[in-house]
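Working through the structure, step by step
Take a look at the letters that make up each chain.
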Amino acid sequence: MDKSKISYIWDDKLIEYCDRLPAVLGRASMVHGLIATYNLLNQIKVVRSKPASYEDLKLFHSENYLEHVKTFTDVDEDYMPTKKDEEYGFGYDCTPVSAMYDIISNIAGASITAAACLLLGIADVSINWCGGWHHAHKSKAEGFCYVNDIVIAIEKLRKKFSKVLYIDLDVHHGNGVQDAYDSNKSVFTLSFHKYEPGFFPGTGSVTDISCKARGYSCNFPLHASYCDKTFIHAFNNIFSEVYSHFKPDVIVVQCGADALSLDPHGGAGLTIKGYCTCIHRILQTKKPTLLLGGGGYNHANAAKLWTAITAHVADVTLEENIPEHTYWPEYGPGYTLTVEPLLAKDLNTPQYIENIIAVIKDNLNKYLGEYGLSDVLQRKRKLDWGNNSKRNDSKNVDPENKTVETCDVYEFNE
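Within an unreviewed UniProt entry, the label attached to the protein reads Histone deacetylase, and the organism entered is Danaus chrysippus. For the protein, the Cofactor (unreviewed entry) comment in UniProt is given as "a divalent metal cation". UniProt lists a comment for the protein under the heading Sequence similarities (unreviewed entry), and it reads "Belongs to the histone deacetylase family. HD Type 1 subfamily."

Structure representation (structure tokens):
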């Protein structure tokens with residue numbers, strides 16, 4: 001893909017604020033550092049992020065919630081959440097931190113900037129790995145998510161694009177985004193996630209198809225330890241059906257990395273191949289696409305995944321051995337891009353997967369109507385990591401110079 005048509009959202013302040021998120025301390029710098037070390041910033045267009053305005057945040061969040069967020073200006077380490085804090089979701093899994101409003105405005109602002117790149121035709125694919133916080137609700141933080149930057153970005157995209165397809169690859173159900181569009185048929189939400197008793201957030205069964213906009217939410221619940229083969233088969237079957245029924249104008253993808261094997265909050269067994277195969281399929285549609293981060297609590301694996309996806313979008317082949325750089329010690333003992341598959345047995349039987357596929361297809365036909373088979377997705381190209389790709393010469397470049405300062409950074413006013 002042409003470098004000029006891929007945007008990567010970045011700003012020093014954005015990285016600094018995201019590094020302070022309690023659940024993913026320091027992750028943003030690690031992700032950006034690996035992308036820079038592989039010299040990918042010279043293969044894509046780096047666009048400087050800017051914070052979201054109060055009016056931007058109000059596109060989804062209530063004023064009462066935002067005003068309460070503003071109260072967290074200087075939070076002590078031993079701060080105990082009040083009853084009022086808990087009403088807005090601040091407590092056990094969403095710990096209040098200092099300058100909370102600045103954090104959420106920068107996160108949302110990055111996703112808005114990414115959306116603006118698509119709106120203005122600056123990019124065909126826009127990337128913000130600091131975004132993807134899919135659990136936050138209108139007036140409540142939840143599941144490590146203090147702001148729902150996804151919904152805010154989608155609202156921006158709807159100014160130009162009539163139909164938005166939202167795809168969630170995180171191991172957890174994207175409940176905040178689905179709930180936001182429960183009564184809206186212009187946004188279709190599609191989520192693939194682990195669904196078991198006691199597993200957060202407890203929503204996203206196959207029968208959960210929205211209460212008001214019936215059929216415009218699609219959930220593929222998976223049992224523990226789902227592997228690449230299971231995931232790719234499920235995705236290929238359902239994505240094609242949803243795409244042909246809904247016919248979106250733009251696609252938003254939450255690429256939460258916590259479905260990778262050995263994630264401390266996951267329980268799935270995917271490798272980088274599982275994710276990239278799905279991204280490859282999405283990009284085949286040639287629809288404007290927004291790629292966002294999300295979960296991913298093994299920081300080294302999250303950085304590997306999002307670096308690999310960035311390279312895949314840019315059609316760049318990466319060296320398997322990770323080049324030495326500031327965060328290199330974090331990738332031991334192997335120091336390679338490989339994420340090994342889970343050794344545990346995949347608990348999803350072929351019969352279970354086929355039954356879920358059948359239920360979803362029936363729901364799509366019932367609520368969105370029959371469709372004539374589209375040839376848009378009939379081209380089946382094998383995912384190739386080596387052929388017809390630009391060679392990345394990262395090992396021949398001084399890793400200490402692979403920073404954002406070595407490439408052009410674009411800025412624009414929306």
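Okay, the overall build of the protein next. Counting its regular elements, the protein contains twelve helices and eleven strands. Counting across all 414 residues of the protein, residues that qualify as buried make up 61%. By sequence separation, contacts in the protein at least 24 residues apart represent 81% of the contacts at least 6 residues apart. For the protein, the exposed area adds up to about 17,000 Å²; of that, 50% sits on carbon and sulfur atoms.

Moving on, we get to the state of the cysteines. Applying the stated criterion across every chain yields a total of zero disulfides. Left without a disulfide partner, Cys130 is nearest to the cysteine sulfur of Cys18, which lies 3.7 Å away. With relative accessibility at 10%, the residue Cys130 sits in the buried group.

So, on to the packing of aromatic side chains. Within the structure shown, the criterion is met by 18 aromatic pairs. Aromatic side chains Phe144 and Tyr297 sit 5.5 Å apart centroid to centroid with 65 degrees between the ring planes, which places their arrangement in the edge-to-face category. A residue pair is termed long-range when its members are at least 10 positions apart, and Phe144 in the loop between β3 (125-128) and α7 (149-157) and Tyr297 in the loop between β8 (289-292) and α11 (299-313) qualify at 153 residues. The exposure class assigned to Phe144 is partly exposed, which follows from its relative accessible area of 23%.

As annotated in UniProt, the feature "active site" (unreviewed entry) corresponds to His135 in the numbering used here. Given a relative accessible area of 3%, His135 falls into the buried group. Apart from the residues within four sequence positions on either side, His135 is in contact with Glu142, Gly143, Cys145, His172, His173, Asn175, Gly176, Phe200 and Pro201. Among the polar contacts made by the side chain of His135, one reaches the side chain of His134 at a distance of 3.1 Å.

A few words on the UniProt feature "binding site: substrate" (unreviewed entry) in the protein. Mapped onto the present numbering, the UniProt feature "binding site: substrate" (unreviewed entry) falls at Asp93, Gly143 and Tyr297. Annotated residues spanning 205 residues; largest pairwise C-alpha distance 13.6 Å, indicating a single compact cluster. If you trace the backbone, Asp93 turns up in the loop between α5 (83-87) and α6 (100-119). On the accessibility criterion, Asp93 (23% relative accessible area) is partly exposed. Excluding residues within four positions of it along the chain, Asp93 makes contact with Glu142, Gly143 and Phe144.

A cluster of acidic residues, Asp74, Asp76, Glu77 and Asp78, forms a negative patch on the protein surface. Inspection of the secondary structure puts Asp76 in the loop between α4 (63-70) and α5.

Procedures and definitions
Residues numbered from 1 in each chain as written. Predicted model: local features only at pLDDT ≥ 70, side-chain atom pairs only at ≥ 80, totals over all residues. Heavy atoms only, no water. UniProt positions renumbered as here; feature names shortened; annotations may be inferred. Helix = DSSP H or I, 4+ residues; strand = E, 2+ residues; numbered from the N terminus. Buried < 20%, exposed > 50% of the residue type's maximum accessible area, 1.4 Å probe, protein only. Contact = heavy atoms within 4.5 Å. Areas by Shrake-Rupley, 256 points an atom, 1.4 Å probe, with all protein chains shown as cover. Disulfide = S-S within 2.5 Å. Phe/Tyr/Trp six-rings, centres within 6.5 Å; stacked < 30°, edge-to-face > 60°. Polar contact = N/O pair within 3.5 Å; in protein donor to acceptor, adjacent residues only side chain to side chain. Patch = residues over 30% accessible without salt bridge, like charges linked within 9 Å, V, L, I, M, F, W, Y side chains within 5 Å. Salt bridge = Lys/Arg side-chain N within 4 Å of Asp/Glu carboxyl O. Lys, Arg positive; Asp, Glu negative; His and termini not counted. Charge placed at Lys NZ, Arg CZ, Asp CG, Glu CD.

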